[in-house]
Amino acid sequence: MNTDMTVGEWLTSWLEMKRDIAPNSRRFYEANIRLYLLPHLGHRRLDRLRTAHLHAMFTAIEASNQLVIEENAAREAVEQARKKAWDERGMKACRAARRRLRAMPPFRRTAGLATIHGIRATLRAALADAANEQLVIVNVAKLVKLPARRRPKPKSWTRERVARWRATGERPSPVMVWTAELTARFLIGSAEHPLRVLYWLTAHTGLRRGEACGVRWVDLDLENHTLSVSQQIIQLGWQTQASRPKSDAGERVIALDPATVTLLTEHRHQQRKQRLAHGPGWIDTGLVFTQADDGPLHPAHVTDELQRLIEQHDLPPIRFQDLRHGAATHALTAGIDARVVQETLGHSSSTFTRDTYQSVVNEVKHSAAAALAEIFTQAARNLNSAG
């Protein structure tokens with residue numbers, strides 16, 4: 001046993017040995033090791049690593065965050081001055097601002113709480129394997145307490161929130177869900193778009209973006225109204241590749257409603273017509289949703305087109321994954337059992353599903369109750385006025 005092994009040496013060899021992890025997980029580990037663990041802990045002896053060293057690392061990262069904020073603010077001030085000089089045709093001042101920008105540190109992101117938890121998770125995984133190899137006695141990363149990560153709760157785009165968003169641009173939560181009415185407006189408005197069936201399928205089944213891009217015709221059983229989720233197309237930087245679903249729970253069979261089956265059947269006929277029209281240059285990928293030549297869709301393109309459609313139809317903003325959140329919310333609101341929704345979305349437990357969506361489900365139910373009460377109130381007014 002090499003008792004002089006450093007944390008950096010172990011992390012480097014550990015990452016090389018991890019051959020059975022997903023590409024995005026490898027990128028996650030590699031970034032945390034390169035950007036944080038090696039600079040702060042790499043020089044320390046592995047068997048002498050203590051919790052105090054980890055606390056010192058996180059304190060240093062927090063101090064670095066403050067420096068990044070100050071440097072970003074200074075850069076933004078110079079950038080605004082450059083734009084003002086350009087607008088006023090002050091070319092001398094504009095060139096001076098450009099020189100200052102070149103000499104300044106580039107814009108950087110701070111390490112937020114999610115990143116801090118990710119750093120600890122990476123080190124904890126590496127030290128767990130080191131303990132298995134009897135290189136360390138205690139996994140000190142397990143002993144470090146961090147502030148709890150608060151997962152943002154989904155909120156619904158109620159009429160009041162939509163009105164305030166139009167007036168102020170305020171977005172109440174990072175995770176926003178369209179009401180059933182807004183979702184219907186989007187699906188109707190995108191009826192002529194080439195990706196309309198992909199968006200429809202996502203809004204109805206809660207597929208992840210990569211899963212929707214990776215659906216193959218062989219995964220569909222339209223006769224029995226089912227879809228088997230067996231692969232996804234993931235994005236690595238800008239490159240893409242096919243891989244297994246995110247987790248074991250992600251490999252699942254989803255029931256399809258008759259309207260979705262009809263749309264997919266029509267989509268298959270349309271794709272066959274495109275294949276005949278395209279001729280010998282057709283790329284036979286077997287994918288359900290493709291580019292014009294049947295090549296795989298880039299996940300970023302799917303997101304970009306969604307945002308373009310949202311702006312085109314003047315709808316309140318959501319992200320692609322919020323279509324997934326909406327599918328879960330509407331299913332639970334309709335009274336579908338949480339376990340069924342969990343299995344449809346590929347969550348690891350129904351408890352996670354309930355905890356994530358219960359608040360927005362309650363919100364939607366109360367909005368529906370208020371709307372129904374308003375109908376009765378208006379009917380009573382009409383009767384009184386008629387009397």
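Residues numbered from 1 in each chain as written. Predicted model: local features only at pLDDT ≥ 70, side-chain atom pairs only at ≥ 80, totals over all residues. Heavy atoms only, no water.

Enquirer: Help me understand the sheet that holds strand S7 (residues 252–255) in this model?
Expert: Working definition: the strands of a sheet are paired by backbone hydrogen bonds and lie parallel or antiparallel to each other. The 3 strands lie next to each other as S3-S4-S7, forming an open sheet whose pairing is antiparallel. A strand with exactly one partner marks an edge of an open sheet, and here the two such strands are strand S3 (220–221) and S7. (Pairing = 2+ DSSP bridges. Helix = DSSP H or I, 4+ residues; strand = E, 2+ residues; numbered from the N terminus.)

Enquirer: Explanation requested: the packing of aromatic side chains in the structure shown.
Expert: Two aromatic rings are characterised by how far apart their centres lie and by the angle between their planes. Applying the stated criterion across every chain yields a total of 6 aromatic pairs. Relative to Phe186, the ring of Trp178 has its centre 5.2 Å away and its plane inclined at 40 degrees; by these criteria the two rings are tilted. Given a relative accessible area of 0%, Phe186 falls into the buried group. An aromatic cluster is defined as three or more aromatic residues linked by ring pairs; in this entry it consists of Trp178, Phe186, Tyr199 and Phe320. (Phe/Tyr/Trp six-rings, centres within 6.5 Å; stacked < 30°, edge-to-face > 60°. Buried < 20%, exposed > 50% of the residue type's maximum accessible area, 1.4 Å probe, protein only.)

Enquirer: Would you explain the pairing of S7 in this entry?
Expert: Regular strands place side chains that alternate from one sheet face to the opposite one. With burial as the criterion, only one face of S7 is covered, namely that bearing Arg252 and Ile254; the residues Val253 and Ala255 on the opposite face remain uncovered. Here 4 bridges tie strand S4 (residues 226–229) to S7, and the two strands are oriented antiparallel to one another. In the strand pairing of S7, Ser228 is matched with Val253.

Enquirer: How should I be thinking about the nonpolar core in this particular structure?
Expert: Counting residues in hydrophobic clusters, the biggest one holds 40 residues, and the most contacted among them are Trp178, Tyr199 and Leu220. Ranked by residues supplied to this core, first place goes to helix H8 (residues 196–205) with 5 residues. Each residue touching Tyr199, except ones within four places of it in the same chain, is listed here: Phe186, Leu187, His193, Val302, Glu305, Leu306, Leu309, Phe320 and Leu323. Counting 30 residues, the second-largest nonpolar core is a separate cluster that includes Leu11, Leu15, Leu54 and Leu135. (Core = buried A, V, L, I, M, F, W, Y, C linked by side-chain atoms within 4.5 Å. Contact = heavy atoms within 4.5 Å.)

Enquirer: Looking at this structure, I do not really get the packing of helix H2 (residues 23–41) against helix H3 (residues 51–87). What am I missing?
Expert: The packing of two helices is summarised by the inter-axis angle and the distance between the axes. For the pair H2 and H3, the least separation of the axes is 10 Å and the interaxial angle reads 125 degrees. When the axis of H2 is compared with that of H3, the two are oblique. Judged by the twist between their axes, the crossing of H2 over H3 is right-handed. Along the contact surface, H2 presents Tyr36, Leu37, His40 and Leu41, while H3 presents His53, Leu54, Met57, Ala60 and Ile61. (Axes fitted to C-alpha atoms, helices over the stretch in contact; angles between N-to-C directions. Parallel < 35°, antiparallel > 145°, perpendicular 65-115°, else oblique. Left-handed = near helix turned anticlockwise from the far one by under 90°.)

Enquirer: Even after reading the chapter, I still don't get the environment of Asp248, so can you show me in this structure?
Expert: Its place among the elements puts Asp248 in the loop between strand S6 (239–243) and S7. Between the alpha carbons of Asp248 and Gly279 there is a distance of 39 Å; along the sequence they are 31 residues apart.

Enquirer: What is the right way to read the pairing of S6 from this model?
Expert: The pairing of strand S5 (residues 232–236) with S6 spans 5 bridges and is classified as antiparallel. By the bridge assignment for S6, Ile234 is matched with Gln241. The turn linking S5 back onto S6 is made up of 2 residues, and Gly237 within it adopts a positive phi angle of 70 degrees.

Enquirer: Would you mind showing me how to read a positive patch on the surface here?
Expert: Together, Lys92, Arg95, Arg98, Arg99 and Arg102 give the surface a local cluster of positive charge. Tracing the sequence through the fold places Arg102 in helix H4 (residues 91–103). (Patch = residues over 30% accessible without salt bridge, like charges linked within 9 Å, V, L, I, M, F, W, Y side chains within 5 Å. Areas by Shrake-Rupley, 256 points an atom, 1.4 Å probe, with all protein chains shown as cover. Salt bridge = Lys/Arg side-chain N within 4 Å of Asp/Glu carboxyl O. Lys, Arg positive; Asp, Glu negative; His and termini not counted. Charge placed at Lys NZ, Arg CZ, Asp CG, Glu CD.)

Enquirer: Teacher, can you tell me more about unusual backbone geometry here?
Expert: Trans peptide bonds make up most of the peptide bonds, and negative phi angles are found at most residues other than glycine. Here Gln134, not a glycine, exhibits a phi torsion of approximately 60 degrees, which is positive. Residue His225 is not a glycine yet carries a positive backbone phi of 60 degrees. Here His225 shows up in the loop between S3 and S4. His225 sits in the partly exposed class, given a relative accessible area of 28%.

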